[in-house]
Amino acid sequence: MIPFNKLHLTGKELHYIQEAIAVNHLSGNGSFTKRCHQYFQDRYGFAHCLLTTSCTDALEMAAILLDIQPGDEVLMPSYTFVSTANAFVLRGAIIRFVDSCPDHPGMDVGLLEPLINERTRAIVPVHYAGVACDMAGIMALADQYGLFVVEDAAQAIESYYIWPDGRRSPLGSMGHLAAFSFHETKNISSGEGGMLVVNDARFAHRAEIIWEKGTNRSAFWGGEVDKYGWVDMGSSFLPSELIVAFLFAQLESLEDIQATRMRHWNQYHDLLAPFEQQGHLRRPYIPAYSTHNAHMYYVLCSSLEARTALLAHLKEQGIGAVFHYISLHSSPYYAARHDGRVLPHTDRYTDTLIRLPLFYDLHDAEIDEVGAVMAAHWQ
Ligand SMILES: *Cc1c(COP(=O)(O)O)cnc(C)c1O
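Q: Sorry, what's going on with the overall build of the protein chain here?
A: Along its length, the protein chain carries 13 helices and 12 strands. Here the protein chain has a C-alpha radius of gyration of 21 Å; the compact-globule value for 379 residues is 21 Å, and the two agree. Considering only C-alpha atoms, the protein chain reaches an extent of 75 × 55 × 45 Å along its principal axes. In the protein chain, 72% of the contacts between residues at least 6 apart in sequence involve partners at least 24 apart. In the form shown here, the protein chain has an accessible surface area of approximately 15700 Å², with 55% of it arising from carbon and sulfur atoms. If the 27 positive side-chain charges of the protein chain are averaged to one point and the 43 negative ones to another, these points end up 3 Å apart.

Below you can see the structure in the form of structure tokens.
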């Protein structure tokens, strides 16, 4: 039995949780939160980070910060997690879903411009599988039309966008705002967890207020004001120090975690090459403008029927392979609200994509077994 995902423990989690208890501060915004914020600032140059209880929360903060109003339009891929859309739907926005690229599930930037009108407020690229969207194209459109960009970088820690001139920017550092996830299924995890990154300094002050229930409590603790009170809308977006202590242990092992996941990813990639040559599947395509972070190893089957058969066979053989998103534009909640455009590539990824087991403690022999089970399926 090879599960799809297994939580990896670095060994320091309980140590840091005990430390958090010992300093007698378990609510949010304590010393571990500050250490994590510092870690992200040092490693990726993020000027303002705010840990949240989930990426969903970080996206909801982004929608509040952008002051999204009922009837505003937001552009995003249909091939994504519901939270990407929900955050804006909660503020009354209309979602204009954009098709995926022919060669990878990221949003096709070439389709954006005809969808922009006077009600359009924001573009939300999703870096699927830690593979960047075409950020040069997105940022140019945002500049030209005065739109905000919120990167859904939930899956994108430690991956980079490569600009046409060769410079590299960490995913999550380019949009006005960005959201990361530390959910159990992500590379770095605290069970549930997330982070808002504020790259546009205009949002930094208000982000702290929204984070702290609409109060200026952060400024109070920082000594900038002598009393705190209710100054804006907000909610309780900050995680407990217990959770953040766990996260800090994971961050300290980031390089080891990434190196190991990358090794697994490359093993799959080599192992499955013959199946691609035989026409049974397609392996992930990484565009020249992106790195990837071994967040996911997926394959594309030739049809829904082929995928159903392969998934059934893998399941029978005890391999926890799974499909992924069901297109949001045809979901029970949004289908009637969608503007009716057909999104053929989104639907194709919905029908044909399979994610294979990929987690730190996966053994080389288990990856070989996945390959052998696939080989037997096509024999
Ligand atoms: C995981 C994920 C989310 C949600 O993250 P949570 O931390 O579970 O709220 C949002 N968007 C994408 C693309 C994701 O993969």
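Q: What is the right way to look at the site of the ligand in this model?
A: What surrounds the ligand is a group of 15 residues, the closest being T56, D152, Q155, S181 and K186. For the ligand, an oxygen atom lies 2.5 Å from a polar atom in the side chain of T56. Between Q155 and the ligand, the recorded distance is 2.8 Å, taken from a side-chain N or O atom to an oxygen atom.

Q: It is not clear to me how the sheet that holds strand β5 (residues 148–152) should be interpreted in this structure. Could you clarify?
A: Adjacent strands of a sheet form backbone hydrogen bonds with each other and so pair up, either parallel or antiparallel. Taken in spatial order, the 7 strands line up as β1-β9-β8-β5-β4-β2-β3 in an open sheet, and their pairing is mixed. Looking at strand neighbours, the two that pair on one side only are β1 (48–52) and β3 (94–98), the edges of this open sheet. Ignoring which end each strand starts from, the neighbouring axes of this sheet average 25° apart. The pairing of strand β2 (residues 73–77) with β3 spans 5 bridges and is parallel. Within β3, the residue paired with V74 across the bridge is I95. Against the sheet, helix α6 (residues 204–211) contacts β1 and β9 (194–198), and its axis sits at roughly 15° relative to β1.

Q: Explanation requested: the packing of aromatic side chains in the structure shown.
A: For any pair of aromatic rings, geometry is given as the distance between the ring centres together with the angle between the planes. Tallied over the entire structure, the rule returns 23 aromatic pairs. Centroid distance Y79 to Y349: 5.9 Å. Interplanar angle 50°. Geometry classified as tilted. Here the residue Y79 occupies a position in the loop between β2 and α4 (82–89), and Y349 occupies one in helix α12 (residues 344–352), the gap between them amounting to 270 residues. Residue class for Y349 comes out buried when judged on its relative accessible area of 0%. Three or more aromatic residues joined by ring pairs make a cluster, and in this case those are Y39, F40, Y44, F46, F180 and F182. In this structure, R348 is placed above the aromatic ring of Y349, and the distance from its NZ or CZ to the ring centre is 4.7 Å.

The rules we used
Residues numbered from 1 in each chain as written. Predicted model: local features only at pLDDT ≥ 70, side-chain atom pairs only at ≥ 80, totals over all residues. Heavy atoms only, no water. Helix = DSSP H or I, 4+ residues; strand = E, 2+ residues; numbered from the N terminus. Rg over C-alpha atoms; globule rule 2.2 N^0.38 Å. Contact = heavy atoms within 4.5 Å. Areas by Shrake-Rupley, 256 points an atom, 1.4 Å probe, with all protein chains shown as cover. Lys, Arg positive; Asp, Glu negative; His and termini not counted. Charge placed at Lys NZ, Arg CZ, Asp CG, Glu CD. Near = heavy atom within 4 Å. Polar contact = N/O pair within 3.5 Å; in protein donor to acceptor, adjacent residues only side chain to side chain. Pairing = 2+ DSSP bridges. Axes fitted to C-alpha atoms, helices over the stretch in contact; angles between N-to-C directions. Phe/Tyr/Trp six-rings, centres within 6.5 Å; stacked < 30°, edge-to-face > 60°. Buried < 20%, exposed > 50% of the residue type's maximum accessible area, 1.4 Å probe, protein only. Lys NZ or Arg CZ within 6 Å of the ring centre and 35° of its normal.

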